[in-house]
Amino acid sequence: RLVKDNIIDGYSDGTFKPEQPVTRGEFSVILQKAFSEDPVRKSRTFSDVPANHPAAAAIGKAYTTGFVSGYSDNTFRPDLKLTKAQTLVYLANGLQFDTPSNAAKTLSIYRDANEIPEGTQNGIAAATEKGLVVNHPKLTYLNPTDEVTRAEVAAIIYQALVSKGKLPA
């Protein structure tokens, strides 16, 4: 469905490459196509994203709409591969999900909750409560520090669009 709706593209050779990791730049492009959130902050430039970078416009929109941030050294690091935790937190931030009243309780469903990086618990708990988390094949393992794959991003983005009422469950 996401390919049909031009949210995620396949490759010119007719493949999708579901197990391939997703970078911050690629994720920004997906976010730009999937969501039309209003800006929440002023634009800025990043030293490692020249104006002619293929994802420059998408990175700018992902930043201004609050999905992603840059780093303190004024870089964006568009080629850095995303983890599952980062992906969920970026969506929770950009979609302005409310922080759950008891994040620890929400996260206790994951057998590897102790591996969730410091500072990401609230965002992951919010994404969990909104039904964004897709764990396959082990439903009780989040694997928060693993690189997120194209297949996982497709499933998570689809669930985010469901949570916004844009796609059917």
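Coordinates for the structure precede this section.
Residues numbered from 1 in each chain as written. Predicted model: local features only at pLDDT ≥ 70, side-chain atom pairs only at ≥ 80, totals over all residues. Heavy atoms only, no water.

> Can you lay out the overall build of the chain for me, pointing to particular residues and giving the numbers?
In terms of regular secondary structure, the chain is built from six helices and zero strands. Starting at the N terminus and ending at the C terminus, the chain contains elements arranged as α-α-α-α-α-α. A compact globule built from 169 residues should have a C-alpha radius of gyration of about 15 Å, and the chain, at 15 Å, falls within 12% of that. Taking the principal axes of the C-alpha coordinates as reference, the chain spans close to 45 × 40 × 30 Å. The buried share of the chain, reckoned over its 169 residues, is 43%. Contacts in the chain between residues far apart in sequence, at least 24 positions, make up 77% of those at least 6 positions apart. When the accessible surface of the chain is summed, it comes to about 9100 Å², and 49% of that surface belongs to carbon and sulfur atoms. Of the charged side chains in the chain, 19 are positive and 18 negative; the average position of the first set lies 5 Å away from that of the second. (Helix = DSSP H or I, 4+ residues; strand = E, 2+ residues; numbered from the N terminus. Rg over C-alpha atoms; globule rule 2.2 N^0.38 Å. Buried < 20%, exposed > 50% of the residue type's maximum accessible area, 1.4 Å probe, protein only. Contact = heavy atoms within 4.5 Å. Areas by Shrake-Rupley, 256 points an atom, 1.4 Å probe, with all protein chains shown as cover. Lys, Arg positive; Asp, Glu negative; His and termini not counted. Charge placed at Lys NZ, Arg CZ, Asp CG, Glu CD.)

> Mind laying out helix α3 (residues 84–94), listing which residues take part and the relevant values?
Summarising burial for α3: nine of the 11 residues are buried, a large majority. Those residues of α3 not exposed but buried are Lys 84, Ala 85, Thr 87, Leu 88, Val 89, Tyr 90, Leu 91, Ala 92 and Gly 94. On its buried side, α3 packs onto α1 (24–34), α5 (121–129) and α6 (150–163). Just downstream of α3, Gln 96 is the residue with a positive phi angle, here 55°.

> Any chance you could break down the packing of α1 against α3 for me, citing the residues and the numbers?
Running from N to C, α1 and α3 point in directions that differ by 35°, and their axes come no closer than 12 Å. In this structure, α1 meets α3 at a crossing whose hand is right-handed. Contact with α1, carried on its side by Arg 24, Phe 27 and Leu 31, involves Thr 87, Tyr 90 and Leu 91 of α3 and no other residues of that element. Taken together, the residues that form the contact of α1 with α3 break down as four nonpolar, one polar and one charged. (Axes fitted to C-alpha atoms, helices over the stretch in contact; angles between N-to-C directions. Left-handed = near helix turned anticlockwise from the far one by under 90°. Nonpolar A, V, L, I, M, F, W, Y, C, P; charged D, E, K, R; others polar.)

> Just give me the short version of the environment of His 136, but keep the residues and values in it.
As for its position among the elements, His 136 is in the loop between α5 and α6. In this structure the C-alpha to C-alpha distance between His 136 and Asp 146, which are 10 residues apart in sequence, comes to 13 Å.

> Help me get a handle on the side chain of Thr 65, residues and values and all.
Structurally, Thr 65 can be placed in the loop between α2 (56–64) and α3. Not counting residues within four places of it along the chain, the set of residues in contact with Thr 65 comprises Glu 37, Asp 38, Pro 39, Val 40 and Gly 94.

> Requested: an account of unusual backbone geometry, with residues and values cited.
Trans peptide bonds make up most of the peptide bonds, and negative phi angles are found at most residues other than glycine. Going from His 136 to Pro 137, the amide bond is cis rather than trans, its omega being 5°. With respect to the element layout, Pro 137 can be found in the loop between α5 and α6. With a phi angle near 55°, Asn 143 is a residue other than glycine that sits in the positive phi range. Tracing the sequence through the fold places Asn 143 in the loop between α5 and α6.

> Account for the pattern of salt bridges, naming residues and giving values.
Summed over all chains, the structure comprises four salt bridges. With a shortest N-O distance of 3.5 Å, Lys 164 and Glu 37 are connected by a salt bridge. In this pair, Lys 164 is assigned in the segment after α6 and Glu 37 in the loop between α1 and α2, connecting sequence segments 127 residues apart. One salt bridge in this structure joins Arg 77 and Asp 73, with 3.3 Å as the shortest N-O distance. Residue class for Asp 73 comes out partly exposed when judged on its relative accessible area of 44%. (Salt bridge = Lys/Arg side-chain N within 4 Å of Asp/Glu carboxyl O.)

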